[in-house]
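Results of the structural survey
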Amino acid sequence: MELVPLGPGFGVEVKGVSLLDVAIDAEAYKAVRTAFETHSLLVFRNQTIADDIQVAYSRAFGPLELTKAASVGANSFYSRLTNVGPQGEIVPLDHRQVLVAKANALWHTDSSFKKTPALASVLTARVLPGEDGDTEFTSTRLAWERLPPDLQNRLKNAVATHSYANSRDQIHPDLANAEERKALPPVRWRMNWRNPSNDRRALYVASHAYAIDGMDDRDARQLLAQLLDEATRPEFVYTHKWRTGDAVMWDNRAMLHRGRPWDYTKERSMVRTTISATEADGLNEVKPPVLH
């Protein structure tokens, strides 16, 4: 297995091992798991892309999340991110599926708004629109290490509230519908996540976060915005230009990502599988103290 560096201090292209190898071979899994813990972002090129291979690969890393209510692919392992409707038509620009794509252009970490957050996501390219539609990534582990020690100390036990509606409301007031708001009430997480395999911490924030325990609303939003700005400075961002046959995996504990716009009159269809975090991934430490 060969690892080719990609991003500024994070991210590698994995060569010599396929998604299928990882799914069926314990040694291949072990090598790729080590690369994942170290580099946070893995890119596989020229893969045989199929739903069952993607799920078999993803399942090697932990329990799979079911796609949330009111999404394309709801209650399956597959989140289908597409601007194509049920009849094979390209949906209009004001359609919910295009608005969802626009909401994904906010910097975020997947499933921080769920009762069980995500360890990792695996995204595969099925149909690409030609130019554009890139995905940008940045390391919140490196962002944490750039913070001054006094701010790190302040944030070590700080707790933020995350909500799906908070990020969606920034795009359109009706984008998070009543069913989603009910299914996804706000959740609280510590603002850093320690990786038990290497003892490195990462800043844990996202566009879903909007409040911090013990801070007034305005100050909290200001601090969250500052932290996001610091983490996503252009010189610290890797831009992934998709090719057919690409599979990209990232560590949601230690990365932020966002989708970039494309010509929404052209089809772009991607499939994401999401792996839930477990105790072994440091989940218990990121849980805040219970409010009494």
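Preceding this paragraph is the structure being described.
Residues numbered from 1 in each chain as written. Predicted model: local features only at pLDDT ≥ 70, side-chain atom pairs only at ≥ 80, totals over all residues. Heavy atoms only, no water.

With that settled, consider the sheet that holds strand S13 (residues 247-251). Pairing is mixed in the open sheet, where 7 strands are placed in the order S1-S2-S3-S13-S5-S15-S4. Two strands close off the open sheet at either side, each with one partner strand: strand S1 (2-5) and strand S4 (79-82). Strand-to-strand twist across the sheet, computed as the mean angle between neighbouring axes with direction ignored, equals 25°. Bridge count for strand S5 (residues 118-127) against S13 is 5 bridges, and the pairing is antiparallel. Bridge pairing links Ala 120 to Asp 251 in S13. The strands touched by helix H2 (residues 26-39) are S1, strand S2 (12-15), strand S3 (41-44), S5 and S13; relative to S3, the strand with the most contacts, the crossing angle is about 130°. (Pairing = 2+ DSSP bridges. Helix = DSSP H or I, 4+ residues; strand = E, 2+ residues; numbered from the N terminus. Axes fitted to C-alpha atoms, helices over the stretch in contact; angles between N-to-C directions. Contact = heavy atoms within 4.5 Å.)

Here the focus is the pairing of S13. Put simply, side chains in a regular strand alternate between the two faces of the sheet. Summarising burial for S13: 5 of the 5 residues are buried, a large majority. Across the two faces of S13 the burial is the same, with Ala 247, Met 249 and Asp 251 and Val 248 and Trp 250 all buried. (Buried < 20%, exposed > 50% of the residue type's maximum accessible area, 1.4 Å probe, protein only.)

Another aspect to go through is the pattern of salt bridges. Inspection of the entire model under this criterion finds 22 salt bridges. Taking the shortest distance from any N to any O, the salt bridge between Arg 96 and Glu 180 comes out at 2.9 Å. Residue Arg 96 is found in helix H4 (residues 96-103), and its partner Glu 180 is found in helix H8 (residues 178-183); the two are separated by 84 residues along the sequence. On the accessibility criterion, Arg 96 (26% relative accessible area) is partly exposed. For the salt bridge of Asp 217 with Arg 221, the shortest nitrogen-to-oxygen distance reads 3.6 Å. Note that Asp 217 and Arg 221 are positioned in helix H9 (residues 217-231) at a spacing of 4 residues, about one turn of the helix. Residues joined by salt bridges that share partners form a network here, namely Arg 33, Glu 37, Asp 251, Arg 253 and Asp 281. (Salt bridge = Lys/Arg side-chain N within 4 Å of Asp/Glu carboxyl O.)

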